[in-house]
Amino acid sequence: MKHHKGIHHITVLAGDAQRNAEFYTEKLGMRLVKKSVNQDDPGTYHLFYGNQAAEPGSSLTFFPWPNAQKGEAGVGEVVNVGLQVPKGSEDYWEIRLSENDISYEVVDVFGRKALRFEDPDGLELDIVFEGKAKPEVDNVNYIVPAEHTIQGFWGARMLLTEKEHTEMLLGELFGFEEADSNSNKTLYQTDAPIGRYVIIEKAETSEYGKNGRGIVHHIAYRAENKEELDQLRQKVGKKGLGPTQIIDRHWFNSVYYRIPAGVLFEMASDDPGYTVDEEFEHLGEKLILPPWLESKRDRIEQMLPEISVATKA
């Protein structure tokens, strides 16, 4: 079976954890597929939202820091995250956003209708109407009906002062090919069913942003397994980009490096997946710690605020 390339996950800085969870599960209808901690700062959460099948290419994840200042997106960052919903869902989503007091504008994204709005921390989101609905997943709840629910990532837009080097990396490492362009934006795609698009927007100035909540921390691209991840890591090293060693994140293995244009890239393996430590039907219900943090569970749980999310509409 062919392995699809594309986006694996995108990780963002957030503020209040409960507000974040309510927005993505109750308002947008995504599934909380993993409730864990930031492995580099275990006193804070790492929350993973995905589609009901919890597939690579659907995980929008957050580091919530309650006291974080609001950030400002700028050059050298992912400045927009696109979420894919089936064509024919336009009326449903316009009504749903309005009923949840989410202000939006209708925009065109390379010929596709999209609704653009911000999450509670200021992350710019697009709901992009493309493709068909996925088959309904058994034994999991849908807050948004299956025929309208978020399928996973449509893509992401990076604001950069240069295009050529980043374009080369996207192509050589992850198989992205140029698909379209207009004015200062270029669209790249793979053959993945979700997470298949990346947009490079050529910045007119070199104005950098301000880190804080609502700012994308990194974007991760898919590797099939640890073996392929190591091959990609060697390619990155030969380009002089100084990748990290392979880091065991328990649900996937990761390699990080910052590209010359400024964005922090991660490469993450599809395996072993989110069900390595939870039954599929019960993903996200409990606080899950990687084995090396389990001995500190009592202390960690005392530091974390309670989070509760609705499982049905």
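Residues numbered from 1 in each chain as written. Predicted model: local features only at pLDDT ≥ 70, side-chain atom pairs only at ≥ 80, totals over all residues. Heavy atoms only, no water.

Per an unreviewed UniProt entry, the recorded name for the protein chain is VOC family protein, and the organism is Gracilimonas halophila.

Residues Glu224, Glu227, Asp230 and Asp271 make up a contiguous surface patch of negative charge. Along the polypeptide, Asp230 turns up in helix H4 (residues 226-238). The class of Asp230 is partly exposed, set by a relative accessible area of 30%. (Patch = residues over 30% accessible without salt bridge, like charges linked within 9 Å, V, L, I, M, F, W, Y side chains within 5 Å. Areas by Shrake-Rupley, 256 points an atom, 1.4 Å probe, with all protein chains shown as cover. Salt bridge = Lys/Arg side-chain N within 4 Å of Asp/Glu carboxyl O. Lys, Arg positive; Asp, Glu negative; His and termini not counted. Charge placed at Lys NZ, Arg CZ, Asp CG, Glu CD. Helix = DSSP H or I, 4+ residues; strand = E, 2+ residues; numbered from the N terminus. Buried < 20%, exposed > 50% of the residue type's maximum accessible area, 1.4 Å probe, protein only.)

With omega at 0°, the peptide bond leading from Asp271 into Pro272 counts as cis. Within the chain, Asn139 stands out as a residue other than glycine whose phi angle is a positive 65°. Note on placement: Asn139 falls in the loop between strand E8 (124-129) and strand E9 (152-160). Judged by relative accessible area, which is 60%, Asn139 ranks as exposed. With phi around 45°, Ser183 is a residue other than glycine that occupies positive phi space.

Glancing now at the layout of surface pockets. When its volume is computed, the largest pocket comes out at roughly 350 Å³. Lining the largest pocket are 21 residues, and of these Arg31, Leu32, Leu283, Ala310 and Thr311 lie nearest its centre. The dominant element in the lining of the largest pocket, judged by the number of residues it contributes, is strand E2 (residues 31-38), at three residues. (1 Å grid on protein atoms, 1.4 Å probe; cavity = no way out; pocket = protein on both sides within 12 Å on 5 of 7 lines; lining within 4 Å. Points joined across faces, edges and corners; volume = space filled by probe spheres on them.)

Here the structure, examined in full by the defined rule, presents 14 aromatic pairs. Their ring planes at 80° and their centres at 5.0 Å tell us that Phe23 and Tyr24 sit as a pair that is edge-to-face. For the residue pair Phe23 and Tyr24, the accessibility class agrees, reading buried in each case. Through pairs of rings, three or more aromatic residues link up here, namely Phe174, Phe176, Tyr221, Tyr257 and Phe265. Cation over ring: Arg31 sits above Phe280, and NZ or CZ is 4.7 Å from the ring centre. (Phe/Tyr/Trp six-rings, centres within 6.5 Å; stacked < 30°, edge-to-face > 60°. Lys NZ or Arg CZ within 6 Å of the ring centre and 35° of its normal.)

Quick look at the sheet that holds strand E4 (residues 59-64) now. The eight strands lie next to each other as E2-E3-E4-E1-E13-E16-E15-E14, forming an open sheet whose pairing is mixed. The open sheet is flanked by E2 and strand E14 (247-248), the only strands paired with a single partner. The pairing of strand E1 (residues 7-14) with strand E13 (residues 216-223) spans five bridges and is antiparallel. Along E13, the bridge assignment pairs Ile10 with Ile219. Here helix H1 (residues 17-27) sits on the sheet in contact with E1, E2, strand E3 (41-50) and E4, set at roughly 10° to E3. Packed onto the sheet, H4 meets E13, strand E15 (252-258) and strand E16 (264-272) and runs at close to 160° relative to E16. (Pairing = 2+ DSSP bridges. Contact = heavy atoms within 4.5 Å. Axes fitted to C-alpha atoms, helices over the stretch in contact; angles between N-to-C directions.)

Most of E16 sits inside the fold, with seven of its nine residues counted as buried. By the bridge criterion, six bridges tie E15 to E16 in an arrangement that is antiparallel. By the bridge assignment, Tyr256 is partnered in E16 with Glu266.

Here we take up the sheet that holds E9. Note on sheets: strands pair through backbone hydrogen bonds, and any given pair is parallel or antiparallel. One open sheet accounts for eight strands, arranged E6-E7-E8-E5-E9-E12-E11-E10; its pairing is mixed. Since the sheet does not close on itself, it has two edges, and those belong to strand E6 (105-109) and strand E10 (177-182), each with one partner. Pairwise comparison of adjacent strand axes, ignoring direction, gives a mean angle of 30° for this sheet. Sheet topology note: the E9/strand E12 (residues 197-202) ladder contains six bridges and is parallel. Bridging from a neighbouring strand, Ala156 pairs with Val198 of E12. Contacts from helix H2 (residues 90-99) reach strand E5 (77-85), E6, strand E7 (112-118) and E8 within the one sheet, and its direction differs from that of E7 by about 10°. Set on the sheet, helix H3 (residues 164-174) makes contact with E9, E10, strand E11 (185-189) and E12; between it and E12 the angle comes to about 170°.

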